[in-house]
Protein chains: 2
Amino acid sequence: MPRKVTSACAPKAPLEERPLLTLEKAGELARLFDVLASDTRLRLLHALVRMDDPYMGDLADAVDMKPQAVSNQLRRLVDMGILDTHRHGSHVHYHFVDTCIAKLMYHGLCLNDEAHAHRLVSAG
Amino acid sequence: MPRKVTSACAPKAPLEERPLLTLEKAGELARLFDVLASDTRLRLLHALVRMDDPYMGDLADAVDMKPQAVSNQLRRLVDMGILDTHRHGSHVHYHFVDTCIAKLMYHGLCLNDEAHAHRLVSAG
DNA sequence: TCATCATTACACTGAATTGTGTATTGAAGG
DNA sequence: CCTTCAATACACAATTCAGTGTAATGATGA
């Protein structure tokens with residue numbers, strides 16, 4: 001079995017052709033989106049994309065929040081399998097396990113911009 | 001006003017090149033993802049993609065939930081600007097305002113599948 | 001107008017989440 | 001060994017949210 005880093009999402013059957021999401025599948029997916037359903041986590045993830053191998057303190061500075069709060073959220077992201085860590089001296093660095101989550105964030109951002117434009121057009 | 005369904009998201013600057021999300025922007029985006037951070041809403045949206053112009057009762061049947069609960073969630077989706085409604089007799093039909101949200105769901109689903117495969121490979 | 005059914009509004013309960021404050025762990029350096 | 005600082009664990013208070021049960025609205029048909 002080839003050891004391959006997934007950076008793109010494999011093409012799958014479109015939504016219309018899939019059987020209705022089971023409760024279990026829907027629950028998994030909901031937990032995934034829930035990761036991105038927080039302004040704090042979104043900003044942390046964005047900071048991670050922008051910075052090069054930052055450690056926790058860097059991220060706390062970037063989002064201007066207390067280390068405890070940032071550590072809490074980062075731990076959630078690690079538990080979810082979104083991020084991974086490695087120590088360097090007394091500092092703990094964070095990095096993405098899979099960049100797909102960033103792509104998802106990007107898609108959401110585009111959609112949000114679209115919605116804004118749409119509203120401006122239709123509502124004036 | 002031309003009746004046009006927007007189905008593609010405009011290309012934008014990649015995440016790395018954008019300034020760090022402001023609290024406001026991050027909040028908007030978080031609310032967007034929060035819509036998809038619920039197994040019930042995901043299944044309702046999926047049912048909407050699969051069915052042709054369903055009304056509330058259809059959707060309640062599809063997800064096997066009480067009409068009140070379904071109506072609550074649908075109302076949230078309408079308030080968010082994700083769905084729109086039109087009456088047909090005593091029935092209220094729901095449809096997407098913009099299919100981008102479905103694309104986002106699709107991306108999330110792919111990512112979830114990928115993560116599963118990944119886990120199977122690395123953890124055995 | 002009246003009866004009936006579909007849909008929605010409203011108040012409520014239980015569960016989950018976030019950031020805070022405090023205490024603890026862990027590593028670097030004298 | 002001891003001090004110092006980074007990072008985390010833990011309990012707590014405030015907030016948010018989903019589904020339930022009941023009541024109200026709205027349309028259909030006699």
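Fair warning: this is a prediction, and the values are worked out from it, not measured in the lab. (Residues numbered from 1 in each chain as written. Chains lettered and ligands numbered in written order. Predicted model: local features only at pLDDT ≥ 70, side-chain atom pairs only at ≥ 80, totals over all residues. Heavy atoms only, no water.)

Things to note about the protein's contact with DNA strand C
1) Next: Neighbouring DNA strand C are 20 residues; Thr-40, Arg-41 and Gln-73 of chain A together with Arg-75 and Tyr-94 of chain B lie closest to it.
2) Next: Counting only the atoms of DNA strand C that lie within 4 Å of the protein, the sugar and phosphate share comes to 78%.
3) Next: Contact between DNA strand C and Gln-73 of chain A: a phosphate oxygen at 2.7 Å from a side-chain N or O atom of the residue.
4) Next: A distance of 3.0 Å is found between a phosphate oxygen of DNA strand C and a side-chain nitrogen or oxygen belonging to Ser-71 of chain B.
5) Next: Looking at the surface near DNA strand C, the elements with two or more residues in it are helix H2 (39-50) and helix H4 (67-79) of chain A together with helix H3 (56-63), helix H4 (67-79) and strand E2 (91-96) of chain B.
6) Next: If you tally residues by element for the surface near DNA strand C, the top one is H4 of chain A, at 5 residues. (Near = heavy atom within 4 Å. Polar contact = N/O pair within 3.5 Å; in protein donor to acceptor, adjacent residues only side chain to side chain. Helix = DSSP H or I, 4+ residues; strand = E, 2+ residues; numbered from the N terminus.)

Focus on the interface of chain A and chain B
1) Next: Counting from both sides, the interface comprises 53 residues of chain A and, opposite them, 53 residues of chain B.
2) Next: Buried surface at the junction of chain A and chain B, summed over both partners, amounts to about 5,400 Å²; 68% is from carbon and sulfur atoms.
3) Next: Remark: the boundary between chain A and chain B carries 4 salt bridges.
4) Next: Note that Lys-25 of chain A and Asp-113 of chain B form a salt bridge whose closest N and O atoms lie 3.3 Å from each other.
5) Next: The tally of links between chain A and chain B comes to 13 residue pairs in polar contact (both at pLDDT 80 or more).
6) Next: Per-element accounting of the side of chain A that touches chain B gives the leading share, 16 residues, to helix H5 (residues 100-123) of chain A.
7) Next: In terms of residue class, the side of chain A that touches chain B is made up of 32 nonpolar, 10 polar and 11 charged. (Contact = heavy atoms within 4.5 Å. Buried area = accessible area lost by both parts, 1.4 Å probe. Salt bridge = Lys/Arg side-chain N within 4 Å of Asp/Glu carboxyl O. Nonpolar A, V, L, I, M, F, W, Y, C, P; charged D, E, K, R; others polar.)

Observations regarding the packing of aromatic side chains
1) Next: Summed over all chains, the structure comprises 1 aromatic pair over all chains.
2) Next: Note on Phe-33 of chain A and Phe-33 of chain B: the rings are 6.2 Å apart at their centroids and 25° apart in plane angle, and the pair reads as stacked. Here the residue Phe-33 of chain A occupies a position in helix H1 (residues 23-35), and Phe-33 of chain B occupies one in helix H1 (residues 23-35), the pair thus bridging two chains.
3) Next: For Phe-33 of chain A, a relative accessible area of 0% translates into the label buried. (Phe/Tyr/Trp six-rings, centres within 6.5 Å; stacked < 30°, edge-to-face > 60°. Buried < 20%, exposed > 50% of the residue type's maximum accessible area, 1.4 Å probe, protein only.)

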